[in-house]
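# Working through the structure, step by step
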Amino acid sequence: MTGNRQPATGNWQRKNKVWRWAKIILLIYFLIGIALYFLQNKILLHPVAHPPGYAYTFNVPFKEVDIPINKNENFNIVQFFPKDSLSKGVVLYFHGNMQNIYHYAKFANNFTRLGYEVWMPDYPGFGKTTGELTETKLYDEALLTYKLANIKFTADSIIIYGRSFGSGIAAELATRRDCRRLILETPYYSIPELFGYYAPIYPTSYMSKFKFPVNEYLKEVRAPVTIFHGTDDEIIPYSTVEKLKNILKPADEFIIIKNGRHNNLNDFKLFHQKLDSLLK
């Protein structure tokens, strides 16, 4: 009798051990998932705020525009100007997820040296722009930027430019307003798609607070589209973006920068050659 009970006891102990490990793994899975959900804004966004009286200094002519949204919210845009007083047009530049306008101001020269103004808005929590950062708020403030520019420039003189995080904002704006061209530098397919690349075992389409479906917006954009992306992008891998090629119109362009990384396309001759040809 005793000899018959030992194997059963051993099987029960093994099953109990497996079940304990399964519960531990499930607990870890859910804890990581909860952390990803609640911390995704901190993972995705890295703003640096400035107080209202903060004085910007740049090496090119510029003007600050502060737009009070309400008594608690301010929308800040910095306008960079070419040295010549006559402007060919304007580039609405929606920057990435780092710091604020200061971090991206150096790229304004790519356009001002060719006679274009560059209007660069900051997002809520970035620089001097205040308020709650939501996807809808970003779309609304982008549209406000366009409407202000459209007072001075006609649609065929407005270029909408999105860099990295800003590519979703730029693409959405181009579905609602006409422009000369939409240019996206290091864009993503969508935020849930990018989220899924880094966390493939989670239902990121449901977990992601931001959607920014660039893939869907590009289907609606009537203006010509140019995309720049590097093959060695370590933040938004090229493999996650190349699917956008299948969405582009026949006249659109997908410019591949060989060995280009996420933050160094500006160092490549091909990038400048192609950008200059679009602006000229």
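Residues numbered from 1 in each chain as written. Predicted model: local features only at pLDDT ≥ 70, side-chain atom pairs only at ≥ 80, totals over all residues. Heavy atoms only, no water.

All right, on to the packing of aromatic side chains then. In total, this model carries 20 aromatic pairs according to the counting rule given. Taking the centre distance of 5.0 Å and the plane angle of 55° together, the rings of Phe58 and Tyr102 count as tilted. Of the two residues, Phe58 sits in the loop between strand S1 (46-47) and strand S2 (62-70) while Tyr102 sits in helix H2 (residues 101-104), which places them 44 residues apart along the sequence. With a relative accessible area of 28%, Tyr102 lands in the partly exposed category. Between Tyr238 and Phe254, the ring centres sit 6.1 Å apart and the planes meet at 80°, which makes this aromatic pair edge-to-face. Of this pair, Tyr238 sits in helix H9 (residues 238-241) while Phe254 sits in strand S10 (residues 253-257), and the two are 16 residues apart along the sequence. (Phe/Tyr/Trp six-rings, centres within 6.5 Å; stacked < 30°, edge-to-face > 60°. Helix = DSSP H or I, 4+ residues; strand = E, 2+ residues; numbered from the N terminus. Buried < 20%, exposed > 50% of the residue type's maximum accessible area, 1.4 Å probe, protein only.)

All right, on to the sheet that holds strand S4 (residues 89-94) then. Read across the open sheet, the eight strands follow the order S2-S3-S6-S4-S7-S8-S9-S10; overall the sheet is mixed. If you trace the sheet from one side to the other, it starts and ends with S2 and S10, each paired once. With direction set aside, neighbouring strand axes in the sheet form an average angle of 20°. Judged from the four bridges that link them, strand S3 (residues 73-80) and strand S6 (residues 116-121) form a sheet pairing that is antiparallel. Bridge pairing links Gln79 to Trp119 in S6. (Pairing = 2+ DSSP bridges. Axes fitted to C-alpha atoms, helices over the stretch in contact; angles between N-to-C directions.)

Here we come to helix H5 (residues 166-176). With respect to burial, H5 is a largely interior element, nine of its eleven residues being buried. Every buried residue of H5 is accounted for by Gly166, Ser167, Gly168, Ile169, Ala170, Ala171, Glu172, Leu173 and Ala174. Of the surrounding secondary structure, the elements contacted by the buried residues of H5 are S4, helix H4 (135-152), strand S7 (158-163), strand S8 (181-185) and helix H8 (214-218). (Contact = heavy atoms within 4.5 Å.)

Right, let's get into the packing of H4 against H5. Running from amino to carboxyl end, H4 crosses H5 at an angle of 60°, the nearest separation of the two axes being 9 Å. When the interaxial angle is binned, H4 and H5 end up oblique. Every pair of crossing elements has a handedness; the one defined by H4 and H5 is right-handed. From H4, Leu138, Tyr139, Asp140, Ala142, Leu143 and Tyr146 reach across to H5, where they touch Gly168, Ile169, Glu172, Leu173 and Arg176. The residue inventory of the contact of H4 with H5, partitioned by class, reads seven nonpolar, one polar and three charged. (Parallel < 35°, antiparallel > 145°, perpendicular 65-115°, else oblique. Left-handed = near helix turned anticlockwise from the far one by under 90°. Nonpolar A, V, L, I, M, F, W, Y, C, P; charged D, E, K, R; others polar.)

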